[in-house]
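Structural overview
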Amino acid sequence: MSELNNKMQGITLGLTPCPSCGKLSVHSDIHCKRCGKALVLRDYSSLHKSWALLITATILLFPANLYPITMLVNRGQIRHDTIFTGIVHLVESDMFPIAVILFTASILVPMLKIVGLTAYLIAISFRLPISKQKLMIGFHIIEWIGRWSMLDLFVISITAALVNMGQLLDAKPAPAATAFALVILLTQLAAKVLDTRLLWDRLESKDDANGNT
Amino acid sequence: MEQECADNSVVLCRSCDLVIRKRALPSGVRALCPRCHTTLYDTPYCSINGMLALCLTALLFLLPANVLPVLELHFLGSVRTTTIIEGAMAVSNQGYWIVGIAVLVSAVIAPALLIWSVFCQILIIKYRLNSPFFRAVLKRLLSYQGLLAQLSMLEIYMISILVSVFQLSDFADIFLGMGTFCFGMLFLVTLFLQREYNLEHMWSVLDE
Ligand SMILES: [Zn+2]
């Protein structure tokens with residue numbers, strides 16, 4: 001055990017945690033002894049899957065923000081709101097805290113997620129000299145806050161079910177809702193499928209040459 | 001070397017694959033990866049009986065939280081109510097079925113499956129059902145646990161209800177009902193249940 005220093009990775013010892021149950025296994029076992037799942041030292045294809053999902057999500061981000069996400073009929077007047085105009089409207093009607101919550105969940109979080117994941121994937125794919133620690137902290141934040149984008153869709157579903165009284169008052173979802181739902185789904189998947197250990201493998205050689213982490 | 005390490009003395013960081021020697025932790029402390037700050041392990045504080053009590057409470061609130069209205073709107077003498085499921089249906093009926101499914105899965109189906117799954121796991125462990133059939137069931141349930149936990153978004157739905165109340169109070173009178181109370185309780189109980197629950201610890205039951 002003496003050769004166990006603070007830089008050693010599982011891959012050099014031929015050890016890998018089971019992808020399903022996390023049990024530490026010897027890679028040559030092929031299948032996990034506890035849950036039977038196939039063991040992988042590194043999932044190199046995860047990088048391509050993650051890129052594909054992220055690019056699709058980025059494309060969908062445009063319709064999600066440019067098209068209206070809700071339609072409101074108030075005393076015969078029809079108003080279409082995009083995510084942004086909806087938030088502006090909230091600010092105008094003095095509901096500032098709600099506006100901040102929705103802005104964070106619907107605009108800031110998806111944008112941050114896409115920018116963050118792109119930086120992360122670029123760093124792995126092109127071996128850019130970005131601090132791995134910083135990238136990883138960003139990645140944990142992305143994983144954690146990503147779910148909160150669902151907030152807007154929940155609000156839309158509650159509103160659409162409650163407010164439907166014909167020409168007097170009526171609220172309906174509009175086309176951007178589907179695009180937005182897909183952006184959330186795809187970005188969550190892009191983070192989920194990625195084997196983050198690739199970052200630490202690929203940049204390791206470069207850092208070692210520099211003699212520091 | 002390989003065989004020597006594949007015991008309990010060493011743990012690998014699942015984010016960066018660093019080899020870390022495992023140490024005993026004081027309770028309430030979690031070990032983070034020194035290199036990338038991913039949570040490695042914490043002291044299991046799973047109490048089977050405590051979780052069983054939380055689970056039963058959650059099951060009690062599950063049905064009323066889903067079938068009783070979470071919000072009530074009074075507008076010019078007419079009253080509208082909505083449950084979570086009706087909300088999902090309302091968007092689906094407008095043709096936004098992807099949104100409908102997303103709402104249904106994250107606010108109704110995943111939380112319900114999560115609670116039932118934990119309940120079954122606890123029963124299997126508590127009554128030491130050691131036959132191959134129950135071991136297989138436990139294995140299956142545990143491998144879907146992470147996915148279910150990620151899909152269930154009760155806390156976000158809770159905030160959505162509050163946001164809707166403030167938004168709609170501009171147009172009409174909004175009332176919270178029994179359904180809101182049951183949903184809030186379901187959210188709280190599930191929150192504590194998930195804090196108490198430790199997947200690592202549950203898996204280790206299968207090692208015995
Ligand atoms: Zn790590």
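Residues numbered from 1 in each chain as written. Chains lettered and ligands numbered in written order. Predicted model: local features only at pLDDT ≥ 70, side-chain atom pairs only at ≥ 80, totals over all residues. Heavy atoms only, no water.

The next point concerns the UniProt feature "transmembrane region" (unreviewed entry) in chain A. Residues annotated in UniProt with the feature "transmembrane region" (unreviewed entry) correspond here to residues 51–69, 98–123, 144–163 and 175–194 of chain A. Between the end C-alpha atoms of residues 98–123 of chain A the distance is 36 Å, and the span holds 100% helix and 0% strand. (UniProt positions renumbered as here; feature names shortened; annotations may be inferred. Helix = DSSP H or I, 4+ residues; strand = E, 2+ residues; numbered from the N terminus.)

All names here are of chain B. Here the zinc ion is held by Cys 13 (SG), Cys 16 (SG), Cys 33 (SG) and Cys 36 (SG), and the distances to it run 2.0 to 2.4 Å. Taken in chain order, the donor set of the zinc ion reads C-x2-C-x16-C-x2-C. The buried category is assigned to Cys 13, whose relative accessible area is 0%. (Donors = N, O, S within 2.8 Å, 3.2 Å for Na, K, Ca; no water. Buried < 20%, exposed > 50% of the residue type's maximum accessible area, 1.4 Å probe, protein only.)

On to the pairing of strand E3 (residues 70–74) of chain A, then. Summarising the sheet, E3(A) and strand E4 (residues 77–81) of chain A pair through five bridges and their orientation is antiparallel. Bridging from a neighbouring strand, Thr70(A) pairs with Asp81(A) of E4(A). (Pairing = 2+ DSSP bridges.)

With that settled, consider the UniProt feature "transmembrane region" (unreviewed entry) in chain B. Residue and element names in this part refer to chain B. With numbering aligned to this structure, UniProt lists the feature "transmembrane region" (unreviewed entry) at residues 51–76, 96–125, 146–168 and 174–193. Helix makes up 65% of residues 51–76 and strand 19%. Its end C-alpha atoms lie 46 Å apart. Counting secondary structure, residues 146–168 comes out at 91% helix and 0% strand; the distance between its end C-alpha atoms is 35 Å.

Attention shifts here to helix H3 (residues 83–92) of chain A. Among the residues of H3(A), Ile83(A), Gly86(A), Ile87(A) and Leu90(A) are the ones counted as buried. Around the axis of H3(A), the buried residues are gathered within 95° of arc, so they sit on the same side. When the buried face of H3(A) is taken as reference, the exposed residues oriented beyond 90 degrees from it are Phe84(A) and Glu92(A). Residues of H3(A) that are buried in the fold lie against helix H2 (45–66), E4, helix H4 (96–125), helix H6 (150–162) and helix H7 (176–193) of chain A together with helix H6 (154–168) of chain B. Looking one or two residues past H3(A), Asp94(A) carries a phi angle of roughly 60°, positive in sign. (Arc of directions from axis to C-beta. Contact = heavy atoms within 4.5 Å.)

It is worth spelling out the nonpolar core at this point. If you look at the biggest cluster of nonpolar residues, it comprises 122 residues, and the most contacted ones within it are Leu73(B), Tyr157(B) and Phe183(B). A total of 12 residues in this core trace back to one element, the largest contributor, which is helix H4 (residues 97–126) of chain B. (Core = buried A, V, L, I, M, F, W, Y, C linked by side-chain atoms within 4.5 Å.)

All names here are of chain A. Looking at where Thr 187 falls in the secondary structure, it is placed in helix H7. Taking relative accessible area as the criterion, Thr 187 reaches 1% and is therefore assigned buried. One polar contact links the side chain of Thr 187 to the main-chain carbonyl oxygen of Ile 184, over a distance of 3.1 Å. Setting aside residues up to four positions removed in sequence, Thr 187 forms contacts with Ala 57, Lys 113, Ile 114 and Leu 117. (Polar contact = N/O pair within 3.5 Å; in protein donor to acceptor, adjacent residues only side chain to side chain.)

Attention now moves to the layout of surface pockets. Space inside the second largest pocket adds up to approximately 460 Å³. Surrounding the second largest pocket, 18 residues form its lining, Ile184(A), Leu185(A), Gln188(A), Leu151(B) and Met153(B) being those nearest its centre. Listing elements by their share of the lining of the second largest pocket, those giving two or more residues are H6 and H7 of chain A together with H4 and helix H5 (132–151) of chain B. Sort the elements by how many residues they give to the lining of the second largest pocket and H7(A) lands first, with six residues. The residue makeup of the lining of the second largest pocket, split by class, is 13 nonpolar, three polar and two charged. (1 Å grid on protein atoms, 1.4 Å probe; cavity = no way out; pocket = protein on both sides within 12 Å on 5 of 7 lines; lining within 4 Å. Points joined across faces, edges and corners; volume = space filled by probe spheres on them. Nonpolar A, V, L, I, M, F, W, Y, C, P; charged D, E, K, R; others polar.)

For chain A, the domain assignment lists domain 1 (1–41) and domain 2 (43–211). For domain 1 of chain A and domain 2 of chain A, the distance between their C-alpha centres works out to 34 Å. (Domains from an automatic or database assignment.)

Turning next to the environment of Ala53(B). Residues and elements named next belong to chain B. The residue Ala 53 is located in helix H2 (residues 48–67) in this model. A relative accessible area of 42% means that Ala 53 is categorised as partly exposed. For the pair Ala 53 and Val 189, spaced 136 residues apart in sequence, the C-alpha separation works out to 9.8 Å.

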